[in-house]
Amino acid sequence: MTSNLTTSAPVTGSGEVELAIGGMTCASCANRIERKLNKLDGVTATVNYATEKAKVTYTGEVATDTLVEQVEAAGYTATLPAAPAAESTADSDGEPEGTRSLRHRLIGSALLSVPVIAMAMIPALQFTFWQWISLTLAAPVIVWAAWPFHKAAWANLRHGAATMDTLISIGTIAAFLWSLYALLLGTAGTPGMTHPFTLTIERMAGDGNIYLEVAAGVTTFILAGRYFEARSKRRAGAALRALLELGAKEVAVLREGTEQRIPTDQLAVGDLFVVRPGEKIATDGVIEDGSSAVDASMLTGESVPVEVTPGDSVVGATVNAGGRLVVRATRIGADTQLAQMAKLVEDAQTGKAAAQRLADRISGIFVPIVIALAFGTLAFWLGAGGTASAAFTAAVAVLIIACPCALGLATPTALLVGTGRGAQLGILIKGPEVLESTRRVDTVVLDKTGTVTTGDMSLVDVHLAEGVTRQEVLRLAGALENASEHPIAQAVARGARDEVGELTSVEGFANSEGLGVQGIVDGHAVLAGRTALLEQWSQHLPENLETAKATAEEQGRTAIAVGWDGQARAVLTIADTVKPTSAEAITQLRALGLTPVLLTGDNEAVARTVAAEVGIDRVIAEVLPKDKVDAVAGLQAEGKVVAMVGDGVNDAAALATADLGLAMGTGTDAAIEASDITLVRGDLRAAADAIRLSRRTLGTIKGNLFWAFAYNVSALPLAAAGLLNPMLAGAAMAFSSVFVVSNSLRLRGFRSTAIDTKTTV
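Predicted, not measured: the structure shown is a model, and the values here were computed from it.

> Explain the sheet that holds strand 6 (residues 258–263) to me, please; I cannot follow it from the model alone.
Across a sheet, paired strands are connected by hydrogen bonds in the backbone, their directions being either parallel or antiparallel. Taken together, the six strands give an open sheet; going across it, the order is 6-5-7-13-8-11, and neighbouring strands pair in antiparallel fashion. Only two strands of the sheet have a single neighbouring strand rather than two, namely strand 6 and strand 11 (313–314). Across two bridges, the pairing between strand 5 (residues 250–255) and strand 7 (residues 272–275) is antiparallel. Directly across from Ala 252, in strand 7, lies its bridge partner Val 274.

Written as structure tokens, this is what we have:
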């Protein structure tokens, strides 16, 4: 069973509950909460830092209050998730309150820090009393802008933990307090004081120097990293919103024989409602009256619209492509197929382990050591008979050189350059968690409709009876089908229009339900549709057309018989066509060491034909949305690391389940939001480019982290020995930051194999 645990009373049995977690600042926070919750008897918890949710599975007795108390005991907050409509407050741009606050702090910090850093580094700007102006500008940065770091450091301290927030807070406060000491009690506050920017290694008292630019600069850089991280994180829940918004908002319900438009959430099981051509079906139901073709491709992956008649079931959010339908509602709300798919996406996202950031793993060991080293340095110099000023200078130098500015920049700068270059090439990477998966991926699962194929029905072949010309068939059949709203008829009309130009009008047009259409075109009585329609008029297919029809149907294609003036004249073949670049894309994916698998809701014959055309050996066909999730999970159970490429709502849950999800930007919002990478172009070759770019970006991040860490470690002994003044420590830190940014900028040279790079640079 599944329980929401909406009360604090103990619940016996088993089930699961989700908690919204607040206050997490890094992946190590999620690990701490997980450990705390798992200490409870009968509780197994998984905390996802990206979605800020805890999924708690319980057996025996448990109460919501107990779970919340455990999370609060770890220093964080926990609540039951709000309803989708009542999710976190956002501004007009859809930006949550927390991200907006970070943005304001970043902007304010940057505006105040730039003059502070300029005055400290450029002696020509050091006018009389410049140091006091620096203090005035830097104080709000250290106190207000850096407040999230101080708050997190205090919370960690109360629970005996240390993170990068701890080091940032201590380093900036130490630099600020030392600057105050130098200004108020040292010689730094005297009129006319200048602050030469020297790179020398020597013992010094330090009470004549201020380090406000270090505290302000570090705060600004780290805030920038946190803000860009928050921007990518806040998209994690957007897949669910996209799915829930996919359905119809209003419905024309029949009450006492008249139509009334009401919101769909007011529908009840058993209500009759009307669906006109082009409208979305409001909820799952059974057709009571009317016949039509229903486009269910976004839910089922079936490329051909499905013919429906009274007694057939229909699914909410699919589109009525033909005539007027009257439907009786059979399932509403959380019971509908759309809502169940949303639950699949939610489960997949919550269960996806958050990638442990390399910087957090490093800081888990590095931070306590640096703090201990700083205090040890202070104690050593005081014990060795050094002056208090010299001892504090060495201790501050340790904190400053260790302050992880470059570590904080390592991920966001590479991510910004890599994702920026990707955006130029039509590749949108959502965050650093994505990159880890690209390195390990060995299998790529490809949806068929809209991914490998165009997703649109097209006229692919015309088979002729003896003595009939192609132009004549297209002119007459195209004109007749042009009068129909049916998607397959429109595919014939488009194909005919492309070859013969403008189509003539039809007279006496009539639609034979479930069979086809008929009418008079240029004086000819034309029939188009199933062979049964032609046989009603004693028009039987000759042997060559029977063979062509059978072959087309074996391949899963749609065959339309055409006849006029008492004889069957042609068979038109309609199919979803393969994109011209798909075969090349499969070759590129294989070159990256990936094994392609075709996964589709379409029938086996269609899938095998498409797979053979593009060079895919393994095919999984005729699967429902849940089966797609199971197929991906099955490959993972075989030890495969799976990338999934898709474009439909039916792919959303599978995209979230896969180790790496890539959505075609020409697809639905739900698929795009559930994925890790979005391919803006409808070109499958972009998937190979995305994996290459992601792997290169990950390599750059790892290189950045190594060098940033190496700079700090190599300079720490000099700082502890009192041979590195805080100004030089700040310069070394700045140099490591410049190195990290320069290394990241190399990603701008990435080239795509899919498009002309001259147009994208």
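From this point, the narrative continues.
> Looking at this structure, I do not really get the packing of aromatic side chains. What am I missing?
The description of an aromatic ring pair rests on the distance of the ring centres and on the angle between the ring planes. Following the criterion strictly, the structure yields three aromatic pairs and no others. Ring centres of Trp 178 and Tyr 181 lie 4.7 Å apart, and the angle between their planes is 40°; on these two criteria the pair is classed as tilted. Of this pair, Trp 178 and Tyr 181 both sit in helix 6 (residues 164–184), three residues apart, roughly one helical turn. With a relative accessible area of 29%, Tyr 181 lands in the partly exposed category. With a centroid separation of 5.1 Å and an interplanar angle of 80°, the aromatic rings of Phe 706 and Trp 707 are classed as edge-to-face.

> Is there a simple way to think about the pairing of strand 22 (residues 595–599) in this case?
The two faces of a sheet get side chains in turn, since along a regular strand they alternate between them. Of all the five residues making up strand 22, four are buried; the element is thus mostly covered by neighbouring parts of the structure. Note: strand 15 (residues 443–447) against strand 22, five bridges, orientation parallel. By the bridge assignment, Thr 443 is partnered in strand 22 with Thr 595. Looking at chain direction, strand 22 and strand 23 (residues 618–620) are connected through three bridges and run parallel. Bridge pairing links Leu 599 to Ile 620 in strand 23. In this view, the connection linking strand 22 to its parallel neighbour strand 23 by way of helix 21 (residues 604–614) has right-handed handedness.

> Please clarify how the sheet that holds strand 21 (residues 567–578) should be interpreted in this entry.
Read across the sheet, six strands follow the order 16-21-20-19-18-17 without closing on themselves; strand pairing throughout is antiparallel. Here the strands that pair on one side only, and so sit at the sheet edges, are strand 16 (453–464) and strand 17 (507–512). The mean inter-strand angle of the sheet, taken between neighbouring strand axes irrespective of direction, is 20°. Across eight bridges, strand 16 lies against strand 21 in antiparallel orientation. Residue pairing across strands places Thr 453 opposite Val 578, the latter belonging to strand 21.

> Would you mind showing me how to read the confidence of the model for the protein here?
When pLDDT is low, close inspection of the predicted coordinates is not appropriate. Looking at the protein as a whole, its pLDDT mean stands at 79, while 80% of the residues score no less than 70. Low pLDDT, under 50, characterises residues 83–93; the predicted model gives this stretch 12 contacts beyond four residues in sequence or across chains. The model gives residues 351–357 a pLDDT under 50, and that stretch makes 19 contacts with residues more than four places away or in other chains.

> Is there a simple way to explain the layout of surface pockets in this structure?
Unoccupied space between atoms shows up once a probe the size of one water molecule is rolled over them. What the second largest pocket holds in volume is close to 890 Å³. Surrounding the second largest pocket, 40 residues form its lining, Glu 307, His 486, Gly 514, Gly 516 and Arg 530 being those nearest its centre. Here the lining of the second largest pocket gets four residues from one element, more than from any other, and that element is strand 20 (residues 558–564). A domain split of the lining of the second largest pocket shows at least three residues from each of domain 3 (250–333) and domain 5 (455–577).

> Explanation requested: the nonpolar core in the structure shown.
Ranked by internal contacts, the top residues of the largest apolar core, which has 50 residues, are Ile 210, Leu 212, Val 370, Val 398 and Leu 716. Sorting the residues of this core by element identifies helix 3 (97–121), helix 4 (130–145), helix 6, helix 7 (212–233), helix 11 (358–383), helix 12 (388–402) and helix 25 (685–720) as the ones contributing at least two each. Here this core gets nine residues from one element, more than from any other, and that element is helix 7. Of all hydrophobic cores here, the second largest spans 47 residues; its members include Leu 425, Ala 607, Ile 616 and Ala 621.

> Looking at this structure, how should I read unusual backbone geometry?
What you tend to see is this: most non-glycine residues have negative phi, and most peptide bonds are trans. Phi is positive for Ala 317, which is not a glycine, with a value near 80°. Mapped onto the fold, Ala 317 is located in the loop between strand 11 and strand 12 (319–320). According to the relative accessible area criterion, Ala 317 is buried, its value standing at 0%. For Glu 622, which is not glycine, the phi dihedral falls at a positive 55°.

Definitions and cut-offs
- Residues numbered from 1 in each chain as written.
- Predicted model: local features only at pLDDT ≥ 70, side-chain atom pairs only at ≥ 80, totals over all residues.
- Heavy atoms only, no water.
- Pairing = 2+ DSSP bridges.
- Helix = DSSP H or I, 4+ residues; strand = E, 2+ residues; numbered from the N terminus.
- Phe/Tyr/Trp six-rings, centres within 6.5 Å; stacked < 30°, edge-to-face > 60°.
- Buried < 20%, exposed > 50% of the residue type's maximum accessible area, 1.4 Å probe, protein only.
- Right-handed = clockwise from strand over helix to strand, strands pointing away.
- Axes fitted to C-alpha atoms, helices over the stretch in contact; angles between N-to-C directions.
- pLDDT = per-residue confidence, 0-100.
- Contact = heavy atoms within 4.5 Å.
- 1 Å grid on protein atoms, 1.4 Å probe; cavity = no way out; pocket = protein on both sides within 12 Å on 5 of 7 lines; lining within 4 Å.
- Points joined across faces, edges and corners; volume = space filled by probe spheres on them.
- Domains from an automatic or database assignment.
- Core = buried A, V, L, I, M, F, W, Y, C linked by side-chain atoms within 4.5 Å.

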